[in-house]
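Tertiary structure, described
Listed below are the residues making up each chain.
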Amino acid sequence: MDNRRMRELEEMCIQEDPPFCQAACPLGMDGRGLCSDLAAGTVDKARAKVEEGIPVPLLLCRICDEPCKTACPKGRSGDAISMALLERYSLENGKTPRKRPSFLPPRTDRIALVGSGLAAMAAMESLRAKRYLPRVYIPDGDLAARLREDDRMPRDLLDETLERLLEGLNVVAESPSLEELSEFDGVVIADGSPLRYPGPTDDVTFATEVAGLFSLPLPSGSPSTEARRGLEAVLSLERHLQGASLESERTKKADRNTRLRAPEDDTPSEAIVPRGGTYSSEEATAEAARCLTCQCLICHPWCLYLQEYGGSPRKYIRTYHNNLIINKGNRTANRMIDSCSLCGLCAEVCPTGLDVGQASLESRRKMVDTGHMPPSHHDYPLRDMASALEETDFLLDPTGGSPEWLFFPGCQLGASEPRWVTESYRYLTDRLESVALWVSCCGAPARWGGREALYMDVMDLWIERWEELGRPKVVTACSTCHGLLKERLPEDTAVTLWETMDKLGLPEEGDVSAETVTVSDPCTARDDRTAQEAVRNLLRRRGLALEEHPRSGRTTECCGFGGLVFSANPDLAKRSAARRVQEAGHPMVVSCAMCRELYARTGHPTWHILELLLSPEGKAPSPRPFPGWSARRENRKKLKAEMTSGTTPKKPSESLVMDEELRQNLDDRWIIEEEILKVIEEAQSGGPRLRRKDSDVYLAYSVLGQRTLWVEYSPEGNRWRIHDSYSHRMTIQEVTR
Ligand code: SF4
Ligand code: SF4
Ligand code: SF4
C-alpha cells in the first residue's frame with residue numbers, strides 16, 4: 001500500500017469528519033466534545049474546550065447566532081442542543097488550568113489593527129496570544145461600541161474585556177490614512193467600512209491588493225462569522241510576516257463540510273430551559289446528555305475485529321501503513337493486520353463503502369513481499385493447503401477426459417465428512433450425463449495469507465487442468481471456492497451444488513423433523529443471492545421451519561475462518577463464532593463446511609445443509625461435534641483412498657494413545673496426529689531420539705517443513721502412548737548423542 005492508496009482509503013472513512021454542530025460553526029467549535037465533557041461532569045475540560053474553540057468567549061457565548069443549532073439533528077424532531085448556554089455554563093463554572101508564565105518577549109513586528117466590534121476584538125485577542133502588540137486605531141473611539149447596544153451584554157463584562165485586550169497598547173481614536181498604514185509590517189482592517197480602505201480580493205484570506213494589508217468585508221450580522229473573520233485575518237497577517245503561503249490548506253478548512261449521516265434520534269426531546277437565566281449544574285448535565293454524539297462508527301457494532309483494537313477504521317489503515325513504512329513490521333500491528341477476516345461486511349454497512357478487509361489484504365501482500373509476515377500466523381493453514389494439494393488431491397473422471405460437468409467440492413467438505421462428498425457426487429452422477437469429481441484446494445489460504453504469487457500458481461494450475469478436461473461446467477459446494485473460481489471462469493460456468501439440487505430435485509424425499517432452524521449464510525456468499533435462496537428453498541422443501549439469523553444475507557458475518565483469523569488470532573476467531581451462535585435463536589444450518597466446524601466448536605448445535613438433505617425421512621440426525629483438526633486430515637485421506645482405490649486407510653489416531661486433555665490441547669495448537677506418528681516412526685527406524693533415564697519414554701524430533709516437531713512417547717502394547725508434543729521454528733543441525 002503506497003502513500004496515495006493509503007490516503008485514498010483513509011479518506012473514505014468519515015469517522016473523523018466533524019459533527020454537524022462543529023461543521024456549521026464558523027469557528028469550528030467542538031460541540032460534541034463539549035457535550036461529552038459536560039455530560040461526564042468534567043466541567044474544567046469543557047471550559048478549556050470553549051476557551052480554545054472560540055475567541056472572546058465570555059462575550060460571544062451571550063450573543064452567538066448559533067448556526068450549530070440549525071444543523072444539529074436533535075432539532076429535527078425536538079430541540080437542538082443549546083450550545084451557547086452550555087458554553088457559558090462551562091466558562092462560568094469550570095476552572096482555568098494554571099498557565100505557565102511566558103518569558104518570551106513580545107514580537108517586534110509593526111502591526112496595526114483598525115476597527116471595532118467583535119471581529120476586531122477577536123483579532124486583537126489572537127494577536128496578543130501570538131505576542132504581537134499592535135497599534136490600535138478605533139475610528140469611533142470605542143472598540144465595543146455596537147456591542148453596548150445589545151442588552152444581553154453586561155456593561156461591566158464588556159469593560160473588563162476591553163481593559164484586558166487593550167492593556168499596554170497604543171490606542172488611537174481615529175482612522176489612519178493608507179499612507180500612514182504603509183509604515184506597518186502588517187495591517188488588519190476591521191472597521192466595518194472597507195470603502196475607506198482597499199477591500200478584500202479573497203474571501204478566505206482577506207488579502208487585498210496591498211501586500212500585508214488584510215481587510216474584512218462589510219459586517220455579516222452573524223457574531224460567530226465576525227469572530228471567525230477576525231481570526232482568519234490574523235492568520236493571514238502571521239503567514240505574510242513569515243513569508244508563508246496565505247492559501248495553503250485554508251480553502252479546504254474554510255468549507256467545513258461533513259459527510260456524516262444524521263443518526264436516528266430515538267428519543268426526541270425538548271431543550272432544558274435554565275430556570276435562572278443560566279444553567280445550574282444539573283440543567284447543564286441534562287442538556288449535554290441530550291447530545292447524540294454524532295459520529296460515524298456504523299461499522300463498529302458489526303465487527304468484533306474493529307472493536308478489538310479500538311479507534312476508527314481510519315486509524316486502522318494508518319496503523320497498517322505505518323507498520324509497513326515506518327515500523328517495518330511491529331509485532332502488535334502485524335497481528336492486527338492479520339486479524340481481519342477479510343469478510344467485506346464493513347463495506348456493506350459503511351456509508352462510503354470502505355472495505356477495511358481490502359486494506360488489510362493489501363498490507364498482508366506487502367508484508368509477505370518485504371519479508372515481514374510472521375510465519376507463525378498462517379503456518380497451519382498453509383501446511384493444510386499443501387497437504388490438500390499434494391497428498392489428498394484426486395480426480396475421478398469416468399469419461400476419460402471430457403466430462404460435461406466437474407464437481408469441485410473443495411478441500412474442506414470431505415475433511416468435515418467424506419460422505420458428504422461421495423453422496424453428493426453420486427447424486428450428481430445419477431442426474432447428469434457425465435460428471436467428473438475433483439477434490440482439491442482452490443488456494444484460498446494463500447490468497448488470504450497475502451501470498452498472492454502462490455495463490456496465482458495454484459489457481460493457474462487449476463485453470464490448466466480444467467482446460468485439459470475440456471472446460472466442463474463446474475459445480476461447487478464451497479462459497480469461497482465458488483467466488484474465487486468465478487473470478488477466473490467464463491460467466492455461467494460455475495454453479496453451486498445448492499442451485500443444482502434446487503433445480504434437479506432433492507437427494508432424499510420426505511420431511512426431516514427438527515425444531516425451527518436458524519439459517520446462517522457464509523460471508524463469502526454475501527453477494528450470492530441465488531445461492532442463498534437455493535439453500536432456503538432446499539431446507540423448506542425438506543419440511544424445516546426456518547428463521548433468519550439477525551445478521552444474514554448481505555450483512556452476514558464471518559465464522560472466524562475467513563482471512564485465516566482462526567490461525568492468526570484464535571481467540572478473536574472463537575469470540576466471533578461465539579457471538580454469532582449466541583444471536584441465533586435455534587440450532588443453525590450452514591452451507592459452508594468451515595462455518596459448520598467453527599460454530600460446532602462453540603458447542604452450538606450446527607448442521608451442514610448436506611447433513612439434512614442427505615438424511616432419510618424422519619428425525620433429523622443429531623448435529624455432530626467439531627471433529628478436530630487431526631480427524632479432518634484423516635477424513636481427507638479416507639475420502640481419497642475410498643474413492644480412488646476402494647480401501648480404507650488406517651487412521652493415525654488408532655496407533656496413538658493419549659489423554660483427552662492432551663489430545664485437545666495438541667489439536668488446538670494444530671499438532672496433527674499424522675505428524676506425531678511420522679516422528680515416532682522415523683525415530684523407531686533409526687531417526688534421532690533420546691531415552692529418558694531408567695524409563696521407556698523417548699523424546700524424538702523430526703523437521704517438518706520449516707518447523708521441528710518434538711514428541712515424547714513410550715510404547716504401550718502395539719500402540720504409542722503420547723506424553724507431550726510441541727513444535728518450534730528452529731531447525732536442528734546436529735545432535736550429539
Ligand atoms: S462505517 Fe466505519 S469505515 Fe465507514 S466511514 Fe463509518 S467509521 Fe469509517
Ligand atoms: S447532537 Fe450533539 S454532536 Fe450532534 S450536532 Fe447536535 S450538538 Fe453536535
Ligand atoms: S473485512 Fe470483515 S473483519 Fe475485516 S474489518 Fe471489515 S467487517 Fe471487520
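Residues numbered from 1 in each chain as written. Chains lettered and ligands numbered in written order. Predicted model: local features only at pLDDT ≥ 70, side-chain atom pairs only at ≥ 80, totals over all residues. Heavy atoms only, no water.

The protein has the name 4Fe-4S ferredoxin iron-sulfur binding domain protein in an unreviewed UniProt entry, where Dethiosulfovibrio peptidovorans DSM 11002 is given as its organism.

Structural notes on helix 9 (residues 118-129)
To be explicit about the condition: Here a helix means four or more residues in a row that DSSP labels H or I, a strand means two or more in a row labelled E, and each is numbered from the N terminus. Residue count minus one, scaled by 1.5 Å, sets the expected span of a helix. Exposure classes here rest on a 1.4 Å probe applied to the protein chains alone. A residue is buried below 20% of its type maximum, exposed above 50%, and partly exposed in between.
Between its first and last C-alpha, helix 9 extends 16 Å over 12 residues, near the 16 Å set by a 1.5 Å rise per residue. With respect to burial, helix 9 is a largely interior element, 10 of its 12 residues being buried. Listing the buried residues of helix 9 in full gives L118, A119, A120, M121, A122, A123, M124, E125, S126 and L127. The first or second residue beyond helix 9 is R131, which carries a positive phi of 70°.

What about the sheet that holds strand 6 (residues 394-396)?
Condition: For two strands to pair, DSSP has to find at least two bridges joining them. Lines fitted to C-alpha atoms define the axes, with helix axes restricted to the stretch in contact, and inter-axis angles between N-to-C directions lie between 0 and 180 degrees. The contact definition used throughout considers only heavy atoms, calling two residues in contact when any of these lie within 4.5 Å.
On the basis of which strands lie adjacent, the open sheet formed by 5 strands has the order 6-8-7-9-10 and mixed pairing. Both edges of this open sheet fall to strand 6 and strand 10 (494-496), since each of them pairs with a single strand only. On average, adjacent strands in this sheet sit at an angle of 20° to one another, irrespective of strand direction. Note that strand 7 (residues 405-408) and strand 9 (residues 473-476) share 4 bridges and pair parallel. Opposite W405, over in strand 9, you have K473 as the bridge partner. Running over the sheet, helix 26 (residues 479-488) touches strand 7, strand 9 and strand 10 and is turned about 165° from strand 10. Sheet contacts for helix 33 (residues 629-644): strand 6 and strand 8 (435-439); angle to strand 6, the most-contacted strand, approximately 30°.

Examining the site of ligand 1
Going by this rule: Neighbouring residues are identified by heavy atoms, a residue being near a molecule or strand if any of them is within 4 Å of it. Here the nonpolar group is Ala, Val, Leu, Ile, Met, Phe, Trp, Tyr, Cys and Pro; Asp, Glu, Lys and Arg are the charged ones; every other residue, Gly included, is treated as polar.
Lining the immediate environment of ligand 1, one finds C13, I14, Q15, C296, L297, I298, C299, P313, C350, P351 and L354. Here the residues of the shell around ligand 1 are counted per class, giving 10 nonpolar, 1 polar and no charged.

Quick notes on the domain arrangement of the protein
Going by this rule: Residue ranges labeled as domains rest on an automatic or database domain assignment.
Split by domain assignment, the protein resolves into domain 1 (111-254), domain 2 (300-373) and domain 3 (654-728). Computed from C-alpha coordinates alone, the two centres of domain 2 and domain 3 are separated by 38 Å.

A look at the sheet that holds strand 17 (residues 656-657)
Spatial ordering of the open sheet is given by 17-21-20-19-18, a layout of 5 strands whose pairing is mixed. Of all the strands in the sheet, just strand 17 and strand 18 (689-691) have a single pairing partner and so form its edges. With 3 bridges connecting them, strand 18 and strand 19 (residues 698-704) associate as antiparallel partners. Counterpart to R689 in the pairing with strand 19 is A700.

With respect to the side chain of S714
Put simply, the test is: Polar contacts, as used here, are pairs of N or O atoms within 3.5 Å; protein pairs need one atom able to donate a hydrogen and one able to accept it. Residues neighboring in sequence count only if both atoms are side-chain atoms.
With respect to the secondary-structure elements, S714 resides in strand 20 (residues 707-716). At a separation of 2.8 Å, a polar atom in the side chain of S714 contacts the side chain of H723. Leaving out residues up to four positions away in the same chain, S714 has contacts with D696, V697, R719, W720, R721 and H723.

Describing the environment of F206
Tracing the backbone shows F206 in the loop between strand 4 (186-190) and strand 5 (213-215). Considered as a pair, F206 and A233 are 27 residues apart in the sequence and their alpha carbons are 6.2 Å apart. Excluding residues that lie within four positions of it along the chain, F206 makes contacts with P200, L213, F214, S215, L216, P217, R229, E232 and A233.

Things to note about unusual backbone geometry
One non-glycine residue with positive phi stands out, namely E66, at about 45°. The residue E66 is located in the loop between helix 5 (57-63) and helix 6 (67-71) in this model. In this structure E66 comes out as buried when scored by relative accessible area, which is 15%. One non-glycine residue, E249, lies in positive phi territory at about 65°. With respect to the helices and strands, the residue E249 is situated in the loop between helix 13 (223-242) and helix 14 (250-254). A relative accessible area of 58% means that E249 is categorised as exposed.

Focus: the environment of A71
Take A71: it is sitting in helix 6. Taking the C-alpha atoms as reference, A71 lies 9.1 Å from C25; in sequence the two are 46 residues apart. Ignoring any residue separated from it by four or fewer positions in sequence, one finds A71 in contact with F20 and A24.

Quick word on the site of ligand 3
The environment of ligand 3 is made up of C303, Y305, L306, C340, S341, L342, C343, G344, L345, C346, V356 and G357. Among the secondary structure elements, those contributing two or more residues to the shell around ligand 3 are helix 16 (304-308), helix 19 (345-349) and helix 20 (356-369). When the residues that make up the shell around ligand 3 are grouped by side-chain class, the tally is 9 nonpolar, 3 polar and no charged.

Quick look at the packing of aromatic side chains
Our working definition: In this analysis, rings of Phe, Tyr and Trp, with Trp reduced to its six-membered ring, are considered paired at centre separations within 6.5 Å, and the interplanar angle assigns stacked below 30 degrees, edge-to-face beyond 60, and tilted for intermediate values. Criterion for a charge above a ring: Arg CZ or Lys NZ at most 6 Å from the ring centre, at most 35 degrees from the ring normal.
What the rule picks out here adds up to 19 aromatic pairs. Ring centres of F408 and W438 lie 5.4 Å apart, and the angle between their planes is 70°; on these two criteria the pair is classed as edge-to-face. Residue F408 is found in strand 7, and its partner W438 is found in strand 8; the two are separated by 30 residues along the sequence. The exposure classification of F408 matches that of W438, with both residues buried. Summarising the aromatic geometry, the rings of F626 and W629 are spaced 5.3 Å apart at their centres and angled 75° between planes, so their arrangement reads as edge-to-face. According to the relative accessible area criterion, W629 is buried, its value standing at 3%. Among the aromatic residues, those joined into a cluster by ring pairs are Y380, W448, F561, F566, F626, W629 and W670. Taking NZ or CZ as reference, R107 lies 5.2 Å from the ring centre of Y132, over its face. Here R689 stacks its cationic end above the ring of Y698, 4.0 Å away from the centre of that ring.

Some words on the pattern of salt bridges
This is how the line gets drawn: Here a salt bridge means any side-chain nitrogen of Lys or Arg lying within 4 Å of a carboxyl oxygen belonging to Asp or Glu.
Following the criterion strictly, the structure yields 60 salt bridges and no others. With its nearest N and O atoms 3.0 Å apart, the salt bridge here joins R259 to D17. Placement of R259 in the loop between helix 14 and helix 15 (281-289) and of D17 in the loop between helix 1 (3-12) and helix 2 (20-24) is noted, with a sequence separation of 242 residues between them. We classify R259 as partly exposed; its relative accessible area is 36%. A salt bridge links E487 to R447; the shortest N-O distance between them is 3.0 Å.

Structural notes on the packing of helix 23 (residues 418-431) against helix 27 (residues 497-504)
Short version of the rule: Any angle that falls under 35 degrees is termed roughly parallel, while one over 145 is termed roughly antiparallel, one within 65 to 115 roughly perpendicular, and all others oblique. Note on convention: near helix rotated counterclockwise from far helix by under a right angle means a left-handed crossing. Clockwise means right-handed.
Direction vectors running N to C along helix 23 and helix 27 enclose 45°, while the axes themselves pass 12 Å from each other. Taken together, helix 23 and helix 27 sit at an angle that is classed as oblique. The hand of the helix 23/helix 27 crossing is left-handed. The residues of helix 27 that touch helix 23, namely those facing S424, Y427, L428 and R431, are L497, T500, M501 and L504. Here the contact of helix 23 with helix 27 is built from residues that sort into 5 nonpolar, 2 polar and 1 charged.

Re the side chain of T205
In this structure, T205 sits in the loop between strand 4 and strand 5. With a relative accessible area of 1%, T205 lands in the buried category. Apart from residues no more than four positions distant in its own chain, T205 is found in contact with F214, S236, L246, E247 and R250.

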